[in-house]
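Residue-level structure breakdown
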Amino acid sequence: MGVTPKIAPSMLSSDFANLASEAERMLNCGADWLHMDIMDGHFVPNLTIGAPVIQSLRKHTKAYLDCHLMVTNPLDYVEPLGKAGASGFTFHVEASRENWRELIQRIKSKGMKPGVALKPGTPIEEVYPLIECENPVEMVLVMTVEPGFGGQKFMLDMMDKVKTLRKKYPSLDIEVDGGLGPSTIEMAASAGANCIVAGSSVFGAPEPAHVISLFKKSVEEAQKNN
């Protein structure tokens, strides 16, 4: 399998008053990416950060900023996030059924890596055209909770989507987000996920580095066995 493990602590669980030092702490603990949850208060009820915060954080880190857009109009965010220094731009398929081709093209034109996310209730088949088109997304994010809030319980039945994707697209980056922790990582890893987003299980741990290392080992072991 041509995909590498990428552990992405969700900065939504960090201390927002000390975002730069929290980012540095996670990277020192072995994080590969930093996951940034951008919510508009419409697509999901919660309201979080936007381009100004990404821009501020970018001044303090060279890390890959993995931005997950839980917004109604993702096109509106491409230019500001590109300018702000976002690395990845993952939009929701539910919010882009009419314009995903233009969206992917614009994301790439701003030097960001395009990804597509889907809610638990959305069939996996909806993302196939975005992976198989001439100008495809480079990652699929399978939500393992309802998007919008941290600390929810991991939905085991979402692993069928991950398994289906991995079988169909062996070299695709597949990300999972929601309820990931030491008790659920093996299920996600053995299903074929290689990008792991985790918030409270990392930030709430006495030793975040230990949790990040455990996640990485789980993905590596699963890749050897598959």
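Model, not experiment: these values are computed from the prediction.

**A few points about the overall build of the protein**
Along its length, the protein carries 9 helices and 8 strands. Taken against the 2.2 N^0.38 rule, which gives 17 Å for 226 residues, the C-alpha radius of gyration of the protein at 16 Å falls within 12% of a compact globule. By principal-axis analysis of the C-alpha atoms, the protein measures approximately 40 × 40 × 30 Å. Burial status across the protein gives 55% buried among its 226 residues. Taking as baseline every contact in the protein between residues at least 6 positions apart, the subset at least 24 positions apart corresponds to 69%. For the protein, the exposed area adds up to about 9900 Å²; of that, 50% sits on carbon and sulfur atoms. For the protein, the separation between the mean place of its 22 positive charges and that of its 27 negative charges on side chains is 4 Å.

**A closer look at the pairing of strand β4 (residues 88-92)**
In terms of burial, β4 is a largely internal element, 5 of the 5 residues being buried. Neither face of β4 is left uncovered, since the one carrying Gly88, Thr90 and His92 and the one carrying Phe89 and Phe91 both have all their residues buried. With 3 bridges joining them, strand β3 (residues 64-70) and β4 adopt parallel strand pairing. Bridge assignment links histidine 68 to a residue of β4, and that residue is threonine 90. Alignment of β4 against strand β5 (residues 113-118), held across 5 bridges, turns out to be parallel.

**Topic: the side chain of threonine 61**
Inspection of the secondary structure assignment puts threonine 61 in the loop between α2 (51-58) and β3. We classify threonine 61 as buried; its relative accessible area is 10%. A polar contact of 3.0 Å, which involves the side chain of threonine 61, links it to the backbone nitrogen of alanine 63.

**With respect to the environment of isoleucine 131**
Considering the arrangement of structural elements, one finds isoleucine 131 in helix α5 (residues 128-132). What makes isoleucine 131 buried here is its relative accessible area of 12%. Distance in space between the C-alpha atoms of isoleucine 131 and valine 116 is 9.0 Å, their sequence separation being 15 residues. Setting aside chain neighbours within four positions, we find isoleucine 131 in contact with Pro136, Val137, Val140, Leu165, Tyr169 and Leu172.

**Considering the sheet that holds β5**
Paired through their backbone hydrogen bonds, the strands of a sheet run either parallel or antiparallel. Reading across the sheet, the 8 strands line up as β1-β8-β7-β6-β5-β4-β3-β2 and stay open at both edges, with parallel pairing between neighbours. The two strands at the open ends of the sheet, each matched to only one other strand, are β1 (6-9) and β2 (33-39). On average, adjacent strands in this sheet sit at an angle of 20 degrees to one another, irrespective of strand direction. For β5 and strand β6 (residues 139-143), the ladder comprises 4 bridges, and the chain directions are parallel. Residue pairing for β6: valine 116 is matched across the bridge by valine 140. Packing of α2 onto the sheet brings it into contact with β2 and β3, and relative to β3 it is tilted by some 175 degrees.

**So, the nonpolar core**
Membership of the largest hydrophobic core comes to 68 residues, with the highest contact counts inside it found for Ile54, Phe91, Val127 and Leu165. The leading source of residues in this core is helix α9 (residues 208-225), at 5 residues. In this structure leucine 165 touches Ile124, Val127, Tyr128, Ile131, Val140, Val142, Leu172 and Ile174, once residues within four positions along its chain are discounted. Core analysis: the next-biggest nonpolar cluster, separate from the first, contains 5 residues, Ala8, Trp33, Cys195 and Val197 among them.

Calculation rules
Residues numbered from 1 in each chain as written. Predicted model: local features only at pLDDT ≥ 70, side-chain atom pairs only at ≥ 80, totals over all residues. Heavy atoms only, no water. Helix = DSSP H or I, 4+ residues; strand = E, 2+ residues; numbered from the N terminus. Rg over C-alpha atoms; globule rule 2.2 N^0.38 Å. Buried < 20%, exposed > 50% of the residue type's maximum accessible area, 1.4 Å probe, protein only. Contact = heavy atoms within 4.5 Å. Areas by Shrake-Rupley, 256 points an atom, 1.4 Å probe, with all protein chains shown as cover. Lys, Arg positive; Asp, Glu negative; His and termini not counted. Charge placed at Lys NZ, Arg CZ, Asp CG, Glu CD. Pairing = 2+ DSSP bridges. Polar contact = N/O pair within 3.5 Å; in protein donor to acceptor, adjacent residues only side chain to side chain. Axes fitted to C-alpha atoms, helices over the stretch in contact; angles between N-to-C directions. Core = buried A, V, L, I, M, F, W, Y, C linked by side-chain atoms within 4.5 Å.

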